[in-house]
Amino acid sequence: MGSDLPLFPVQASSIAPSVDHLVYFLLTVAVFFSVGIFFTIFYFAVRYRRRSESELPVPSEGAMTLEILWSVIPFGLTMIMFVWGASVFFTISRPPDDAQQIYVIGKQWMWKIQHMEGQREINELHIPVGQAVKLRMTSEDVIHDFFVPAFRTKADVLPGRYTTVWFKPTRPGKYHLFCSQYCGTNHYAMIGWVYVMAPQDYQAWLSGGATGSLASSGEKLFQTFACANCHHLSGAPGRGPDLPNLYGTQVELADGGNVKFDEDYIRESILNPAAKIVKGYQPIMPTFQGLVTEENVLQLIEYIKSLTPKEARPPAGAAAATSKRKSTKQ
Amino acid sequence: MITEAVQERENYLNTSHGIKSWLLTKDHKRIALLYLHTITFFFFLGGIFATLIRLELLTPKGSLVSADTYSKLFTLHGVIMVFFFLIPSIPATLGNFFLPMMIGAKDLAFPRINLLSWYLLVIGGCFAMYAMLAGGVDTGWTFYVPYSSNYSNTYVIATGLGIFIAGFSSILTGLNFIVTVHRMRAPGMTWFRLPLFVWSNYATALIQVLGTPVIAITLVLLICERTLHIGVFDPARGGDPVLFQHLFWFYSHPAVYIMVLPGLGVISELVSVFAKKPVFGYKVVAFSSVAIAVLGFLVWGHHMFVSGQSVYAGLVFSFLSYFVAIPSAIKVFNWTATLHKGSISYATPMLYAFGFIGLFTVGGLTGLFVACLGVDVHVHDTYFVIAHFHYIMVGGTIMAYLGGLHYWWPKMSGRMYPEAWAKLSALVIYLGFNLTFFPQFILGYLGMPRRYWTYPDEFQVLHVMSTAGASVLAVGYLMPLVYFMWSLRYGRIAGPNPWGATGLEWQTPSPPPAHNFEETPVVTTEAYDYAALAAMEEAKVG
Amino acid sequence: MDSYIETPELREQFETPTQQKETSTLGMWIFLVTEIMFFGGLFLAYTIYRKEFATVFGLASSTLDAAIGAANTAVLICSSFTMVLAVRAAQIGSRKALIVFLILTILLGGIFLGVKAYEWNQKFEEHHVPGPAFYLEGVPPGGQGPAQLFFSLYFTMTGLHALHMLIGEGLMLFLLWHAYARKYTPSYYTPVDIGGLYWHFVDIVWIFLFPLLYLIARHQH
């Protein structure tokens, strides 16, 4: 229901029906109260219209019971709205473990999309139906927002950190993609399409023109920048921590705290290495800010991730789908 | 009953002449009229921007102006309407004029600061006009960084300074009102005998005083970021662009209550007079104004559900946002109950009150949608939000303002406005308003984003409906401009109390004398005591 | 128009001098509340970034001379003391004492501002002013950005405070002029009273600023 009403966008994701059902409830309450108040006032205005200038109505004694009733009942209704809304919001905010990651970079005024397999797209996102997808997004300049009305979800895209939005498309088709945080002159033009395809069609699309997976590009960068000089991959002790088998684990820091070895931490270590130093190591890693682009960072992250076999990684449920504040604590 | 001779009687309008006597006045009533002229100017200026926006949006592709110009149009529409029209509107005109009279005072506590407030609004407005004429500003009225700090090539600083200065106008008005209500009430005017209009202006003043300084410092930081690159919002230095949003909305959410609370106070007055009954549940309604002011400070994060703030912050803000809805709902129920067994007149102010209650209810109920986390993710930054706040600000505040203006016009000017024309324009405004903004709810849910110069073809029908409504609305607003001015010369002379209202301001001649009261009133009756009023009238006649 | 003559001692809108004094005082208190909210935004930003960048902020803070800062704090506290004495003098009608104490307050405020100017100049010479020439020694790589953030906040907060001090000096000069012109009597000295309130407020802001900016890294060294 709802998918053919011209008042609602198509329901094309797993969460869309939940959002629409919530809206039906809100609409019902809203219509009930609007109509109720409208007709009550209309009725009173007619029934008690002034018939002579000298009539003097008897003041009503304020009734505490009535006041309490019409405070508590609406409050109860709003609490239902809150709890129901919060529950839908939890689902919207938490990508499932099996969500496939795709990187998105927003910049004035286009969306650059990077599939793990290496496919790149501009202003278009091709995804297979029935597969949950998690977008890790960052901006090169100002704040943008990735919005797909048919999926009923959006998230701001910020410079300097990653944010996430996820959806599981349920219906093949072509859906609007809008930037929905004003970002300058061509904000209205920072739009595109999400193509949801049948799985075989998606495979076919994927195999046309991939230029190497993200991880393999990352491996090339790792060599270009000679990271292995300090981060020996062989297990021999080096000036920097050993990177294999670290992804997803908690790492102890020199200042006594610890941090999860995740995409945010890897990115921070590349761009601002002094922020968090692993225990037992010196703060000597140089920064690569300005030497690597955001795409390069993504490629390096994927390569470093690939050094930890999937089975060895702790469950992704702990990974915050809503962005942790990327802290550069010392 | 009232003869032409009354017009020769000394009152605040004719007690002195010449431009100096107006520009250097200390009389709160004259200052109210100075404000009336200023905000009317800004209203129509903001309205021109709205007209251009709606005309541009008739077609899916750009047709009237360039994309850059369009960005400037919606920015200036927001800046002018929020900071230079809505925030001052009711408090600076009707509040300034009537708050002292309602409490039995000769003037506000600080008349010269009151005049300063007006000058600050005008000076701030000059900065904004300069920005507009020199090339405009294109950041949106919300000025989000990094766009406004590092990327926009428009007059952000001039506009920011204009808002900063206007903010001090607002702070000083609030300060003046708070001190006045505490210290200048006539003997016998206890807190719980105050008209509800005073309560709501008092609650508004609390917000003005506590909230506005925060946007002031936010603008200072923005200007420093833009000129000196201090880095406080710049990720490259370790700064956080979302911090700007927290600081901005910490004021700008309570600001919406600055804009609507005085309107709620006007409606309480109108419903009481035109039903000839005290407002049902006086104390509850009085406290609900203060509750809205307090709770309004706790919900700013509901503008930021998708900003990257944590899920848990979202939960807290959503929960509290539902809380703040309840006092407003209580008011609507109490007004409705006031009508029960009342003696209801259909005079124009009452028509505006009816319109207000309907539209404010719709606006408030749609607030429940945006407060709902699961729904807001979808409708955030779409036309749904635009429709929601215009229902409250235009369907609510502006209707209350017009209702109050019509109600108090005889007192301020000594003349009646033409009733038939006024009723007609109220109807035109009501219909035009709904046609303009109801389709925007649908547009928003369908996914039409805010601040878009062009849009997909399938949205055109709804946009055309909205623009059609806007043209009707424009006619509706022009009508009072014309007939109010007409009434100053040709309107029927009004007596002291054409509506049969309680309240000290109606115990004076129309227009009132410069010092409000011949001698300080002593209050012995409760608020809205129509029986006492009737007895007093009888005693006079008999 | 009645023939009421308005004087500063009793303005038209008031019934009694007591009402006027209480009203003016309440007005000044509310104004000071708005100032708290105004400074509050800066304190919030500082607190957030202090927590984010604890080490770098500590390093940056330790380049401020806490001894000079402490001495300056003492100067300002003394000026509040002389202000209190000025109000007292007005209360009992000692015009000479009032004038002396106002002059002392102004002088002490001037010393404070002079020392502040010296400190700012020091920062300029040490290349601690945010901008292309900025460099803070001893900071880990990548920390120059947050270090600049510290100094941005330092200059903004102490700058805003200094601006309020300047306005305060202006107020004091105005009070001095009127005191000299015999405007204040034991039954009317409200401007001195509320001028004092403003002065004390600016003092209190500094008492928060000083430890936050100068003393946060004391224990680290």
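Note that the structure is predicted; figures quoted are calculated from it, not measured. (Residues numbered from 1 in each chain as written. Chains lettered and ligands numbered in written order. Predicted model: local features only at pLDDT ≥ 70, side-chain atom pairs only at ≥ 80, totals over all residues.)

1. Details of the overall build of chain C
(1) Moving on: The helix and strand tally for chain C stands at six helices and zero strands.
(2) Moving on: Each helix (α) and strand (β) of chain C, taken in turn from the N terminus, gives the series α-α-α-α-α-α.
(3) Moving on: When contacts within chain C are restricted to residue pairs at least 6 apart in sequence, those whose partners lie at least 24 apart make up 76%. (Helix = DSSP H or I, 4+ residues; strand = E, 2+ residues; numbered from the N terminus. Contact = placed C-beta atoms within 7 Å.)

2. A word on the overall build of chain A
(1) Moving on: A tally of helices and strands in chain A yields six helices and twelve strands.
(2) Moving on: Compactness check: chain A gives a C-alpha radius of gyration of 27 Å against a globular reference of 20 Å for 330 residues, more than 25% above the reference.
(3) Moving on: Reported as C-alpha extents along the three principal axes, the dimensions of chain A are approximately 100 × 50 × 40 Å.
(4) Moving on: A total of 330 residues make up chain A; the buried ones form 40% of that total. (Rg over C-alpha atoms; globule rule 2.2 N^0.38 Å. Buried ≥ 20, exposed ≤ 12 C-beta atoms within 10 Å, placed from the backbone.)

3. Considering helix α10 (residues 241-273) of chain B
Residues and elements named next belong to chain B.
(1) Moving on: Under the 1.5 Å per step criterion, the end-to-end length of α10 is 50 Å for 33 residues, consistent within 8% with the ideal 48 Å.
(2) Moving on: Along α10, the largest kink reaches about 30 degrees and is centred on Trp 249.
(3) Moving on: Burial runs high along α10: 31 of the 33 residues are buried. (Expected span 1.5 Å × (residues − 1). Bend = angle between axes of the 7 residues up to and from the residue.)

4. Notes on the interface of chain B and chain C
(1) Moving on: Each side of the interface is counted separately: chain B has 31 residues, and chain C has 28 residues.
(2) Moving on: Elements represented by at least two residues in the side of chain B that touches chain C include exactly α8 (156-183), α9 (196-228) and α10 of chain B.
(3) Moving on: In terms of residue count, α9 of chain B provides more of the side of chain B that touches chain C than any other element does, eight residues in total.
(4) Moving on: Looking at side-chain class alone, the side of chain B that touches chain C contains 21 nonpolar, six polar and four charged residues. (Nonpolar A, V, L, I, M, F, W, Y, C, P; charged D, E, K, R; others polar.)

5. Looking at the domain arrangement of chain A
All names here are of chain A.
(1) Moving on: Each domain of chain A was delimited in the assignment, giving domain 1 (100-207) and domain 2 (214-318).
(2) Moving on: Taking only C-alpha atoms into account, the centre of domain 1 sits 26 Å from that of domain 2.
(3) Moving on: Residues that form the side of domain 1 that touches domain 2 fall into these classes: four nonpolar, three polar and two charged. (Domains from an automatic or database assignment.)

6. Quick look at the packing of helix α3 (residues 28-56) of chain B against helix α4 (residues 67-86) of chain B
Residues and elements named next belong to chain B.
(1) Moving on: One way to put it is that α3 packs onto α4 with a least axis distance of 9 Å and a crossing angle of 150 degrees. Regarding the angle of α3 to α4, the classification is roughly antiparallel. In this structure, α3 crosses over α4, and the sense of that crossing is left-handed. Between α3 and α4, the residues in contact are Ile 39, Phe 42, Phe 43, Leu 45, Gly 46, Phe 49, Ala 50, Leu 52, Ile 53 and Glu 56 and Tyr 70, Leu 73, Phe 74, Leu 76, His 77, Ile 80, Met 81, Phe 84 and Phe 85, respectively.
(2) Moving on: Its residues placed into classes, the contact of α3 with α4 shows 16 nonpolar, two polar and one charged. (Axes fitted to C-alpha atoms, helices over the stretch in contact; angles between N-to-C directions. Parallel < 35°, antiparallel > 145°, perpendicular 65-115°, else oblique. Left-handed = near helix turned anticlockwise from the far one by under 90°.)

7. Some details on the sheet that holds strand β5 (residues 133-139) of chain A
By definition, the strands of a sheet pair up through backbone hydrogen bonds, in either a parallel or an antiparallel sense.
All names here are of chain A.
(1) Moving on: Taken in spatial order, the five strands of this open sheet run β3-β2-β1-β5-β8, and their pairing is mixed. Edge strands, defined here as strands with exactly one partner in the open sheet, are β3 (120-122) and β8 (163-167). With direction set aside, neighbouring strand axes in the sheet form an average angle of 25 degrees.
(2) Moving on: The sheet contact formed by strand β1 (residues 100-107) and β5 spans seven bridges and is parallel. Counted as the bridge partner of Ile 105 is Thr 138 from β5. (Pairing = 2+ DSSP bridges.)

8. Description of unusual backbone geometry
(1) Moving on: With an omega dihedral of -5 degrees, the bond running from Gln 108 of chain A to Trp 109 of chain A counts as a cis peptide bond.
(2) Moving on: Relative to the helices and strands, Trp 109 of chain A resides in the loop between β1 and β2 (110-115).
(3) Moving on: Of the consecutive residues Ser 510 of chain B and Pro 511 of chain B, the connecting peptide bond is found in the cis state with omega at -10 degrees.
(4) Moving on: Among the structural elements, Pro 511 of chain B can be located in the loop between α17 (460-490) and α18 (530-541).

9. Points about the sheet that holds strand β6 (residues 144-148) of chain A
Residues and elements named next belong to chain A.
(1) Moving on: Reading across from one edge, β4-β10-β9-β6-β7 is the order of the five strands in this open sheet, with mixed pairing throughout. Edge strands, defined here as strands with exactly one partner in the open sheet, are β4 (124-128) and β7 (153-157). On average, each strand axis in the sheet is tilted by 20 degrees relative to the strand beside it, whichever way the strands run.
(2) Moving on: Pairing analysis gives two bridges linking β6 to strand β9 (residues 173-179), with the strands arranged antiparallel. Paired with Phe 146 across the two strands is Cys 179, which belongs to β9.

10. Let's talk about the interface of chain A and chain B
(1) Moving on: Across the boundary between the two partners, chain A contributes 71 residues, which contact 74 residues of chain B.
(2) Moving on: Within the residue set of the side of chain A that touches chain B, elements represented by two or more residues are α1 (16-47), α2 (64-93), β6, β7 and β9 of chain A.
(3) Moving on: Looking at the side of chain A that touches chain B, the element that brings in the most residues is α2 of chain A, giving 16 residues.
(4) Moving on: In the side of chain A that touches chain B, the residues fall into 41 nonpolar, 21 polar and nine charged.

11. Comments concerning the nonpolar core
(1) Moving on: Ranked by size, the top nonpolar core spans 316 residues in total, and within it Ile 80, Ile 178, Ile 267, Ala 353 and Ile 357 of chain B carry the most contacts.
(2) Moving on: No other element matches the 19 residues that helix α15 (residues 383-413) of chain B contributes to this core.
(3) Moving on: Two domains each put at least three residues into this core: domain 1 (100-207) and domain 2 (214-318) of chain A.
(4) Moving on: Residues contacting Ile 267 of chain B, with those up to four places away along its chain left out, are Trp 335, Ala 353, Phe 356, Ile 357 and Ala 400 of chain B. (Core = buried A, V, L, I, M, F, W, Y, C linked by C-beta atoms within 7 Å.)

12. As for the environment of Ala 86 of chain C
(1) Moving on: Tracing the sequence through the fold places Ala 86 of chain C in helix α3 (residues 66-92).
(2) Moving on: Placed 15 residues apart in sequence, Ala 86 of chain C and Phe 101 of chain C show a C-alpha to C-alpha distance of 5.0 Å.

13. Looking at the packing of helix α2 (residues 54-61) of chain C against helix α5 (residues 144-180) of chain C
All names here are of chain C.
(1) Moving on: One can describe the packing of α2 onto α5 by two numbers: an axis separation of 9 Å at closest approach and a directional angle of 55 degrees. For the element pair α2 / α5, the angle class is oblique. Our pair here, α2 against α5, has a crossing hand that is right-handed. Together, Val 56, Phe 57, Ala 60 and Ser 61 of α2 and Pro 146, Ala 147, Phe 150 and Phe 151 of α5 make up the contact between the two elements.
(2) Moving on: Taken together, the residues that form the contact of α2 with α5 break down as seven nonpolar, one polar and no charged.

14. Section: helix α5 (residues 263-271) of chain A
Residue and element names in this part refer to chain A.
(1) Moving on: Counting buried positions over the nine residues of α5 gives eight, a clear majority of the element.
(2) Moving on: Within α5 the residues assigned to the buried category are Glu 263, Asp 264, Ile 266, Arg 267, Glu 268, Ser 269, Ile 270 and Leu 271.
(3) Moving on: The inward-facing, buried residues of α5 abut β5 and α6 (294-306).

15. Describing the pairing of β7 of chain A
Residue and element names in this part refer to chain A.
(1) Moving on: With respect to burial, β7 is a largely interior element, five of its five residues being buried.
(2) Moving on: As defined by bridge partners, β6 adjoins β7 across five bridges and the pair is classed as antiparallel. For His 144, the partnering residue across the bridge sits in β7 and is Val 157.
(3) Moving on: Between the end of β6 and the start of β7, which pair antiparallel, lie four residues, with Arg 152 showing a positive phi angle near 60 degrees.

16. Considering the confidence of the model for chain C
(1) Moving on: Chain-level pLDDT for chain C is 92 on average; 96% of the residues reach the 70-or-more range.
(2) Moving on: The complex prediction reports pTM at 0.89, with the ipTM value standing at 0.93. (pLDDT = per-residue confidence, 0-100.)

17. A few points about the environment of Ser 14 of chain A
All names here are of chain A.
(1) Moving on: Inspection of the secondary structure assignment puts Ser 14 in the segment before α1.
(2) Moving on: Taking the number of C-beta atoms within 10 Å as the measure of exposure, Ser 14 has 18 and is therefore partly exposed.
(3) Moving on: Along the chain, Ser 14 and Arg 152 lie 138 residues apart, while their C-alpha atoms are 9.5 Å from each other.
(4) Moving on: Setting aside anything within four residues of it in sequence, one finds Ser 14 in contact with Lys 168 and Thr 170.

18. Here we look at the pairing of β5 of chain A
Residue and element names in this part refer to chain A.
(1) Moving on: Judged by how many residues are buried, β5 sits mostly within the fold: seven of seven residues are covered.
(2) Moving on: Of the two faces of β5, the one carrying Val 133, Leu 135, Met 137 and Ser 139 and the one carrying Lys 134, Arg 136 and Thr 138 are both buried.
(3) Moving on: Across five bridges, the pairing between β5 and β8 is antiparallel. The residue bridging Met 137 from the neighbouring strand is Thr 163, located in β8.

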